[in-house]
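Coordinate analysis (summary)
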Amino acid sequence: MIRSVDTNVDYLETERLTLRRFTADDADLLIELDSDPAVMRYLSGGEATPPETVRERHLPSILAGYDRWDGDLGLFAAYERDGGAFVGWFCLRPEPHGPRDEAELGYRLRQASWARGYATEGSRALLHKGFTDLALRTVWAETMTVNRASRNVMEKLGMTLTGTLPTPADMMRVEGSEHGGVRYEITRSEWERR
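Described below are features of the structure shown in this document. Every chain is numbered on its own, with residues counted from 1 as its sequence reads. This being a predicted model, a pLDDT of at least 70 is required before a residue's local features are given, and a value of 80 or more before pairs of side-chain atoms are given or counted; all residues contribute to the totals for chains, interfaces and linings. No hydrogens and no water enter the side-chain calculation; it runs on all heavy atoms of the structure.

For the rest of this paragraph, the subject is the overall build of the chain. Within the chain, the secondary structure is distributed over six helices and nine strands. Using C-alpha atoms as the atom set, the radius of gyration is obtained and then compared with a globule rule of 2.2 Å times the number of residues to the power 0.38. Radius of gyration (C-alpha) of the chain: 16 Å, near the 16 Å computed for a compact globule of 194 residues. The burial tally for the chain puts 47% of its 194 residues in the buried class. Contacts were defined at the residue level, with two residues in contact if any of their heavy atoms lie within 4.5 Å. Partitioning the contacts of the chain with sequence separation of at least 6, the portion at a separation of at least 24 is 62%. Only DSSP runs of H or I with at least four residues qualify as helices, and only runs of E with at least two residues qualify as strands; both kinds are numbered from the N terminus onward. Three labels apply to residues, based on accessible area from a 1.4 Å probe with only protein chains included: buried if under 20% of the type maximum, exposed if over 50%, partly exposed otherwise in between.

Pasting the structure below:
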């Protein structure tokens, strides 16, 4: 069962997770997440995001996104409903200057939350919200070709591989970069047929 939560910062709940909007006080959560080499393996080759980058660029951008998309879309902190442990984040958001009805689906989870089905559970809830409440037309996700765990989640969600992507110059040192990336998509009509 998925139900939207109508409070100032909560965004939605699933059976085991609560997603809420980040606040200005959440920098340490993001810094801790981005300092784990295993979490950053397919993003930076395991290199931590500098804390000042999180505080001065990433978190302000996340908060500005809530204003840009009326709080409906963006990047959301995820917590276990039982115990309240921080799990990581999920995103459902358009490109900065893209159409509002096409959104990227993504997530970044703490190692302690891996292999528990949270990525699929949270992503499935976001697809439901996006297609039923937010009038999204298409949802897409991208990952490195070699990131089999993320590709498995996309496939469980019914997303279809739609193309390959070149490796960005700033990711050439990442393991598997020679294989490039992949893009998956699902449309509202495809989701409705599932």
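It is worth spelling out the nonpolar core at this point. Core analysis: the biggest nonpolar cluster contains 49 residues, and Leu19, Phe22, Leu92, Leu126, Leu127, Val139 and Met159 have the highest contact counts within it. In contact with Phe22, other than residues within four places in its own chain, are Leu30, Leu59, Ile62, Leu63, Tyr66, Leu75, Phe76, Ala77 and Trp89. Definition of nonpolar core: a set of buried residues of the types Ala, Val, Leu, Ile, Met, Phe, Trp, Tyr and Cys, connected through side-chain atoms within 4.5 Å.

With that out of the way, let us pick up the side chain of Thr49. By secondary structure assignment, the location of Thr49 is in the loop between helix H2 (41-44) and helix H3 (51-68). Taking relative accessible area as the criterion, Thr49 reaches 12% and is therefore assigned buried. Sequence-distant contacts of Thr49, that is, excluding residues within four places in its chain, are made with Asp34, Met40, Val54 and His58.

On to the pattern of salt bridges, then. For salt bridges, the criterion is a side-chain nitrogen of Lys or Arg within 4 Å of an Asp or Glu carboxyl oxygen. This structure, assessed with the given rule, holds 17 salt bridges. Asp70 is the partner of Arg100 in a salt bridge, and the nearest nitrogen-oxygen pair spans 3.6 Å. In this pair, Arg100 sits in the loop between strand E5 (86-93) and strand E6 (102-109) while Asp70 sits in the loop between H3 and strand E4 (74-80), placing the two residues 30 residues apart along the sequence. The partner of Arg148 in a salt bridge is Glu155, with the nearest N and O atoms 2.8 Å apart. Residue classification places Arg148 among the partly exposed positions, given a relative accessible area of 39%. Residue Glu155 is classed as partly exposed on the basis of its relative accessible area of 37%. Shared partners join several salt bridges into a network, and the residues in it are Asp70, Asp72 and Arg100.

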